[in-house]
Amino acid sequence: ALGGLKSWVAQLTLPRGMLHGMDVDGVPIPVEELGSVYVKYSTGGAMTFREMRKSKRGFDALWRPGDALLEMYDGDFRGVYFSVELGDGVFRQFGVLPTDLFMEEEEDW
């Protein structure tokens, strides 16, 4: 999932931000111990302060473009749901696309 996230961000020239959820109380979780994960990535910016106060989530709601959240996942689906907002107010979502869509295949020699 992390390799897929990196390749999607690079290939689509999306903003790169902070990756949240790869630690427990500030102690990093080794990648090999993560298991299956769900990654939520956002190209959008943070909530306004008015929206944050209304949500009662405080600074936990403060996201910057390119931030992603990693959570443990035990579901059966693997892939990417890709949502696009083009400024016309129409919600578009495509999925489930392969996480390795933009990753080059290793050649066997």
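Details of the structure are given in the entry above.
These figures come from a predicted structure and were not determined experimentally.

Draft legend 1. Molecular detail of the nonpolar core. Judged by nonpolar contacts, Leu-2, Met-22, Ile-29, Leu-34, Val-37 and Leu-70 together constitute the single largest core of six residues. Residues within four places of Ile-29 in sequence aside, it is in contact with Gly-21, Met-22, Asp-23, Val-24, Leu-34 and Met-72.

Draft legend 2. Quick look at the side chain of Asp-67. As for its placement among the helices and strands, Asp-67 is situated in the loop between α2 (49-55) and β5 (68-72). When its relative accessible area of 4% is taken as the criterion, Asp-67 is described as buried. Within the structure, the side chain of Asp-67 is placed 2.8 Å from the backbone nitrogen of Met-18, a separation counted as a polar contact. For Asp-67, the residues in contact, after removing those within four places along its chain, are Gly-17, Met-18, His-20, Lys-40, Tyr-41 and Ser-42.

Draft legend 3. Representation of unusual backbone geometry in the model. The phi torsion at Thr-13 lies on the positive side, around 45 degrees, for a residue other than glycine. When you line up the elements, Thr-13 lands in the loop between α1 (2-11) and β1 (19-20). Assessed through its relative accessible area of 69%, Thr-13 is described here as exposed. Despite not being glycine, Asp-25 has its phi angle at roughly 55 degrees, a positive value. Considering the arrangement of structural elements, one finds Asp-25 in the loop between β2 (23-24) and β3 (27-28).

What counts, and at which threshold
- Residues numbered from 1 in each chain as written.
- Predicted model: local features only at pLDDT ≥ 70, side-chain atom pairs only at ≥ 80, totals over all residues.
- Heavy atoms only, no water.
- Core = buried A, V, L, I, M, F, W, Y, C linked by side-chain atoms within 4.5 Å.
- Buried < 20%, exposed > 50% of the residue type's maximum accessible area, 1.4 Å probe, protein only.
- Contact = heavy atoms within 4.5 Å.
- Helix = DSSP H or I, 4+ residues; strand = E, 2+ residues; numbered from the N terminus.
- Polar contact = N/O pair within 3.5 Å; in protein donor to acceptor, adjacent residues only side chain to side chain.

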